[in-house]
Amino acid sequence: MVLSSVPYLFGWLLIIYGTNPSWLIGGRFMIGVAVGTSAISSNIYLMEVAPQRDKRPILHSAAVITMLGGAICGGLALALKWRYLAVIGAVCVLGNVIGIAVQPESPKWLILKSRPQLAARSLRQLHGEEIDVEIEIRRIEKEIEESEAISWRRLCLRPFLKPFIVLIIIISFVPFMGASILLLYCTTIYYNAGFDNSLKINLGICFVRVLGALVAIIAINNYKRRIILIVSGVGMCIGGFLFGLYFKGAYINIPSHEIDWLSAVGGSVYSFCVMFGWASVPWAILPEMLPKSLLRNIIPYITAYSYTLIFFISYIYVYLVDRIGSHGSFWIFSSISLVATFTIYFILPETKDKSIEEVIESFQSTQKNSDTPDDNKKE
């Protein structure tokens, strides 16, 4: 995590002192690299150091704080020029390095490096003196042994293969539903739509995302995963349709004061439902569908895969708007959201409050049920 601060810092410095677009593009590229590496390493660190009972709340709280940070940046953008925002980003990097430096190292990493005494000290720093260090170290060593025993080849075995494929399908849907578009292009979208106060609208959308992330914590702790994803998908479908309807109305020159509410309602519903369900639940069901010993090996690859798809959709969005307009783009996202909702209904069994064995058995039962008609015909 400390190493990821290097491209962060150089990226912000390139933006601060940039004199042409190449400097700005280079700075954005370096910051993107830093975001990718720090996102993966920080999530793994949190999973390794958080107490077993508190892992889910801590990870979801991190998502809320991330969205809150985006809202703060949106607010600062109203008062400061972009170079000053870059200066604040560089200063935050230095604060981040200091914060990481005073944190204890991951006990799991220390045990992997054959440093059990340092791991014991780290456990006491993280969880207090009352923790039974020997029991905790034995538990971590067992996790490491199980993790090393599970290879990618074993992932392809039938018990794990179907849950893994379903996970990949769910994670693949998220970018194609346009989940990142309003996050990355909000100001540009509203500015091109003719709103002079696009920065203020962006700030409002940021706080809607914070609200959605907060509701996601409550929903994930209390409601079934399938229900959350289905409700979220329907909401994204409606929000995307209303947003596209606004742009279609503007395209055919309907007076803006008659349809402005469509953009406000559509953008808010869409952003809220993204954070409420599809941006949160896929990561919550990861440890509910696959063994924890396997997760440590595959989470970096799944995260990289997700970020690659987000980059791809974010990149082609500009060309999509040029070809079919903003209304057509959001209607495509709306349609994909509807398809994703129906897909979840048919392929995802409920995983809340179930053991890994029960979830895997649910997938196998589904397969047996689908095979029954053919078997009956053969008989």
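Criteria and thresholds
Once a new chain begins, its residue numbering starts again from 1 and follows that chain's sequence as written. Restriction of local features to residues with pLDDT of at least 70 applies here, the model being predicted, together with a cutoff of 80 or more for giving and counting side-chain atom pairs; totals for whole chains, interfaces and linings are based on all residues. In computing side-chain values, all of the structure's heavy atoms are included and hydrogens and water are not. Counting from the N terminus, the helices are DSSP H or I runs at least four residues long and the strands are E runs at least two residues long. Only protein chains enter the accessibility calculation, which uses a 1.4 Å probe; a residue is then buried when its area is under 20% of its type maximum, exposed when over 50%, and partly exposed in between. Here the Shrake-Rupley method, with its probe set to 1.4 Å, supplies the accessible areas, and only the displayed protein chains count as covering residues. Pairs of residues are marked as contacts when any of their non-hydrogen atoms sit within 4.5 Å. Under this scheme, a helix contributes an axis fitted over its contacting stretch, all axes are lines through C-alpha atoms, and angles between N-to-C directions fall in the 0 to 180 degree range. When describing relative orientation, an angle under 35 degrees is termed roughly parallel and one over 145 degrees roughly antiparallel, while 65 to 115 degrees is termed roughly perpendicular and anything else oblique. Each helix crossing is assigned a hand: it is left-handed if the near helix lies turned anticlockwise from the far helix by less than a right angle, otherwise right-handed if that turn is clockwise. Any residue that is not Ala, Val, Leu, Ile, Met, Phe, Trp, Tyr, Cys, Pro, Asp, Glu, Lys or Arg is counted as polar, Gly included; the first ten are nonpolar and the last four charged. The pairing test for Phe, Tyr and Trp rings, Trp by its six-membered ring, is centres within 6.5 Å, and the orientation test on the planes gives stacked under 30 degrees, edge-to-face over 60, and tilted for anything in between. Without a salt bridge and with relative accessible area above 30%, a residue can belong to a patch; like charges are then joined within 9 Å and nonpolar side chains (Val, Leu, Ile, Met, Phe, Trp, Tyr) within 5 Å. Note on definitions: salt bridges are taken to be side-chain nitrogens of Lys or Arg within 4 Å of carboxyl oxygens of Asp or Glu. Think of a nonpolar core as a cluster: buried Ala, Val, Leu, Ile, Met, Phe, Trp, Tyr and Cys residues, connected wherever their side-chain atoms sit within 4.5 Å. Here, expected helix span is obtained from the residue count minus one, scaled by 1.5 Å. Polar contact is defined as a pair of N or O atoms within 3.5 Å, subject to the rule that within protein one atom must be able to donate a hydrogen and the other to accept it, and that residues adjacent in sequence are counted only when both atoms are side-chain atoms.

1. Observations concerning the overall build of the protein chain
Assigned secondary structure in the protein chain consists of 17 helices and zero strands. Counting every position in the protein chain, which comprises 379 residues, the buried fraction comes to 43%. As displayed, the protein chain has an accessible area near 20600 Å², and 65% of this comes from carbon and sulfur atoms.

2. Focus: the side chain of Ser 271
The residue Ser 271 is located in helix H13 (residues 256-278) in this model. Beyond its immediate stretch of four places on either side in the chain, Ser 271 contacts Leu 182, Ile 205, Val 208 and Arg 209.

3. Examining the packing of helix H1 (residues 5-16) against helix H2 (residues 21-49)
Between H1 and H2, whose axes approach to 7 Å, the crossing angle comes to 160 degrees. Comparing their axes, H2 and H1 come out roughly antiparallel. Between H1 and H2 the crossing geometry is left-handed. Side by side, H1 and H2 meet where Pro 7, Tyr 8, Phe 10, Gly 11, Trp 12, Leu 14 and Ile 15 of the first sit next to Trp 23, Leu 24, Gly 26, Gly 27, Arg 28, Met 30, Ile 31, Ala 34, Val 35 and Ser 38 of the second. Among the residues forming the contact of H1 with H2, the class breakdown is 12 nonpolar, four polar and one charged.

4. Brief notes about the packing of aromatic side chains
Scanning all chains against the criterion turns up 16 aromatic pairs. Seen in terms of ring centroids, Tyr 246 and Phe 247 are 5.3 Å apart; in terms of plane orientation they differ by 70 degrees. Their pairing is edge-to-face. The exposure class assigned to Tyr 246 is buried, which follows from its relative accessible area of 2%. Residue Phe 247 is classed as buried on the basis of its relative accessible area, which comes to 10%. Relative to Phe 346, the ring of Tyr 345 lies with its centre 5.1 Å away and its plane at 90 degrees, an arrangement referred to as edge-to-face. A relative accessible area of 60% means that Phe 346 is categorised as exposed. Among the aromatic residues, those joined into a ring-pair cluster are Tyr 185, Tyr 190, Phe 243, Tyr 246, Phe 247, Tyr 270, Tyr 317, Phe 330 and Phe 333.

5. Thoughts on the side chain of Ser 334
Looking at the element boundaries, Ser 334 is found in helix H16 (residues 292-347). Taking the relative accessible area as the measure of exposure, Ser 334 reaches 5% and is therefore buried.

6. Describing a nonpolar patch on the surface
On the surface, a nonpolar cluster with roughly 630 Å² of combined accessible area is contributed by Phe 176, Phe 311, Phe 312, Tyr 315, Val 318 and Tyr 319. By residue number, the principal contributor to the nonpolar patch is H16, which donates five residues.

7. Section: the packing of H1 against helix H4 (residues 82-101)
Close contact between H1 and H4 brings their axes to 9 Å; oriented N to C, the two are set at 160 degrees. In terms of axis orientation, H1 runs roughly antiparallel to H4. The way H1 lies across H4 gives a crossing that is left-handed. Counting all contacts with H1, which are made through Ser 5, Tyr 8, Leu 9, Trp 12, Ile 15 and Ile 16, the residues of H4 involved are Trp 82, Arg 83, Ala 86, Val 87, Gly 89, Ala 90, Val 93, Leu 94, Asn 96 and Val 97. Looking at the contact of H1 with H4, its residues break down into 12 nonpolar, three polar and one charged.

8. Some points on the nonpolar core
Judged by nonpolar contacts, the single largest core of 58 residues is most densely connected at Ile 181, Ile 189, Tyr 190, Trp 278, Met 289, Leu 290 and Phe 330. Those residues in contact with Ile 181 that lie beyond four places of it in its chain are Cys 186, Ile 189, Ile 313, Ser 314, Tyr 317, Phe 330 and Phe 333. Judged by nonpolar contacts, the second largest core, of 10 residues, contains Ala 119, Leu 123, Ile 131 and Ile 144.

9. So, H2
Working note: α-helix, 3.6 residues per turn, so residues spaced by three or four point in the same direction. The end-to-end C-alpha distance of H2 is 41 Å, a good match for the 42 Å that 29 residues give at a rise of 1.5 Å each. Listed in full, the buried residues belonging to H2 are Gly 27, Ile 31, Ala 34, Gly 36, Ser 38, Ala 39, Ile 40, Tyr 45, Glu 48 and Val 49. Regarding H2, its N-cap is Asn 20, as a side-chain oxygen of that residue lies 3.0 Å from the backbone nitrogen of Ser 22 further along.

10. Digging into the pattern of salt bridges
What the rule picks out here adds up to one salt bridge. Here Arg 225 ties to Glu 288 by a salt bridge, and the two come within 2.7 Å at their closest N and O atoms. In this pair, Arg 225 sits in helix H12 (residues 225-251) while Glu 288 sits in helix H15 (residues 286-289), placing the two residues 63 residues apart along the sequence. For the pair Arg 225 and Glu 288, one class covers both residues: buried.

11. A few points about unusual backbone geometry
Among all residues except glycine, the phi angle is most often negative; among peptide bonds, the trans geometry is most common. Positive phi, close to 60 degrees, is recorded for Ser 114, a residue that is not glycine. Take Ser 114: it is sitting in the loop between helix H5 (107-112) and helix H6 (116-127).

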